[in-house]
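As a plain string of letters, each chain reads:
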There are 2 protein chains.
Amino acid sequence: MAADPKWLSPDELAAWLSLAGLMFKLPGALDSQLQRDSGLTHFEYLVLAGLSESEGRSRRMSDLAGWANGSLSRLSHVVKRLESRGFVERRPAEDDGRITVATLTDAGFAFLETAAPGHVAAVREYVIDALTPEQLAQLRVVADQILARVDPDKSC
Amino acid sequence: MAADPKWLSPDELAAWLSLAGLMFKLPGALDSQLQRDSGLTHFEYLVLAGLSESEGRSRRMSDLAGWANGSLSRLSHVVKRLESRGFVERRPAEDDGRITVATLTDAGFAFLETAAPGHVAAVREYVIDALTPEQLAQLRVVADQILARVDPDKSC
DNA sequence: CCGCGTTGCTTGACGCTTCAAGTGATGGCC
DNA sequence: GGCCATCACTTGAAGCGTCAAGCAACGCGG
């Protein structure tokens, strides 16, 4: 499109800076809320939420890691912490000993139910309520297009 | 607007999940590129870039922290690292001893010039080229609106 | 069946960010 | 002029994420 691929036009730069600001601040804001109200990381929340929506409240590690947009290593650490808090259990799959299946415990589910409303309210306040439904739809399209570039495999 | 403030509609949820995925993956992708090609954090890059665009390649700490969307503490640590690498210098302001002014050295400027093309190319590839100019404009508006909610003070 | 490469996950070390406490410099108040 | 609250920044400790190895379990070729 535009001239020199080496630099950004003023419009491009401004848009990028806005997005960069968003990427810096929004995660922090959401993490703060979850941390203060529930002692959970955003990623930990996603893991619990992912399990709660799965069949048998269980899911294999790789699958869960992909769903939550995190590395397997990260998930392993996080699940270990959640396990020590009694929110999750791990055990090898019956048909393949290499696979580990994580399961949400009753305590974990109960805990998630106490954490969810506050988190949802924060998402609503920061994101949903800031935009018109039309903008929200635009945002989704835009985010998906960028995601497809960043992580081609995960385009589903 | 819609019904129960306690939960999200399917459309809202989908949009949110797309945005969440973006927030998780894009920073990591950009950090990776900068780290591998230049040994810089995205935040470190922003700090150097912010200084390079300032008058006299200098800026006071608080100002720089706000510009780069980071905490003062974070900036202090980062500037210390950059200083030990010889890219930045610090000294107290003449008229107010509390204020610290950071200055980009020639070495820092030269280093930034080697790092910039790769980073800009990554931003272009992941974000700019993924969108139409119209979408880019929408993204800017949307990001600014959300930012205004997350960080009311910073709305300039 | 027996290696041997592959898959799936775990672990440890290191680095960066955050949080809370600490250090000076400044300006207002008496 | 001296005291105290405040401002601007720095520091240290604790926690989380990433990277690079490591460790079993599986399954294919012979």
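Basis of the calculations
- Residues numbered from 1 in each chain as written.
- Chains lettered and ligands numbered in written order.
- Predicted model: local features only at pLDDT ≥ 70, side-chain atom pairs only at ≥ 80, totals over all residues.
- Heavy atoms only, no water.
- UniProt positions renumbered as here; feature names shortened; annotations may be inferred.
- Helix = DSSP H or I, 4+ residues; strand = E, 2+ residues; numbered from the N terminus.
- Contact = heavy atoms within 4.5 Å.
- Buried area = accessible area lost by both parts, 1.4 Å probe.
- Salt bridge = Lys/Arg side-chain N within 4 Å of Asp/Glu carboxyl O.
- Nonpolar A, V, L, I, M, F, W, Y, C, P; charged D, E, K, R; others polar.
- Core = buried A, V, L, I, M, F, W, Y, C linked by side-chain atoms within 4.5 Å.
- Buried < 20%, exposed > 50% of the residue type's maximum accessible area, 1.4 Å probe, protein only.
- Least-squares fit on C-alpha atoms with pLDDT ≥ 70 in both.
- Near = heavy atom within 4 Å.
- Polar contact = N/O pair within 3.5 Å; in protein donor to acceptor, adjacent residues only side chain to side chain.

**Q** Honestly, the UniProt feature "domain: HTH marR-type" (unreviewed entry) in chain A in this entry has me stumped. Any pointers?
**A** Mapped onto the present numbering, the UniProt feature "domain: HTH marR-type" (unreviewed entry) falls at residues 10-148 of chain A. Secondary structure content for residues 10-148 of chain A is 70% helix and 9% strand, and the end C-alpha separation is 25 Å.

**Q** Would you take a moment to explain the interface of chain A and chain B for this structure?
**A** Many analyses report the size of an interface as the accessible area lost when the parts associate. Counting residues at the interface gives 54 residues for chain A and 54 residues for chain B. For the pairing of chain A and chain B, the buried interface totals around 5700 Å² over both sides, and the portion due to carbon and sulfur atoms is 73%. Arg-124 of chain B is the salt-bridge partner of Glu-12 of chain A, the closest N and O atoms lying 3.3 Å from each other. Per-class residue counts for the side of chain A that touches chain B are 34 nonpolar, 8 polar and 12 charged.

**Q** Please explain the nonpolar core as it appears in this structure.
**A** The nonpolar side chains of soluble globular proteins are, as a tendency, buried together. Counting residues in each nonpolar core, the largest one holds 99 residues, and the members touching the most others are Leu-19, Leu-26 and Ile-146 of chain A together with Leu-19, Leu-26 and Ile-146 of chain B. Look past the residues within four positions of Leu-19 of chain B in its chain and what remains in contact with it is Leu-22, Leu-26, Val-127, Leu-139 and Ala-143 of chain A together with Ile-146 of chain B.

**Q** Looking at this model, I keep getting lost on the relation of the copies chain A and chain B. Mind explaining?
**A** Comparison of the two chain copies shows a relationship of rotation about an axis with a shift along it. Mapping chain A onto chain B calls for a rotation angle of 180 degrees and an axial translation of 0.0 Å; the resulting RMSD is 0.1 Å. As the rotation angle and translation indicate, the two copies are arranged about a two-fold axis. Measuring from the rotation axis to each C-alpha of chain A, the shortest distance belongs to Met-23 of chain A, at 2.8 Å.

**Q** What am I meant to see in the protein's contact with DNA strand D here?
**A** Around DNA strand D there are 22 residues in total, and Ser-73, Arg-74, Arg-81 and Gly-97 of chain A together with Ser-62 of chain B lie nearest to it. Taken together, the sugar and phosphate atoms account for 75% of what DNA strand D places within 4 Å of the protein. At a separation of 2.7 Å, a phosphate oxygen of DNA strand D approaches a polar side-chain atom of Arg-74 of chain A. The contact in question runs from a base oxygen of DNA strand D to an N or O atom on the side chain of Ser-73 of chain B, over 3.1 Å. Secondary-structure elements contributing two or more residues to the surface near DNA strand D are α4 (72-84) of chain A together with α3 (61-67) and α4 (72-84) of chain B.

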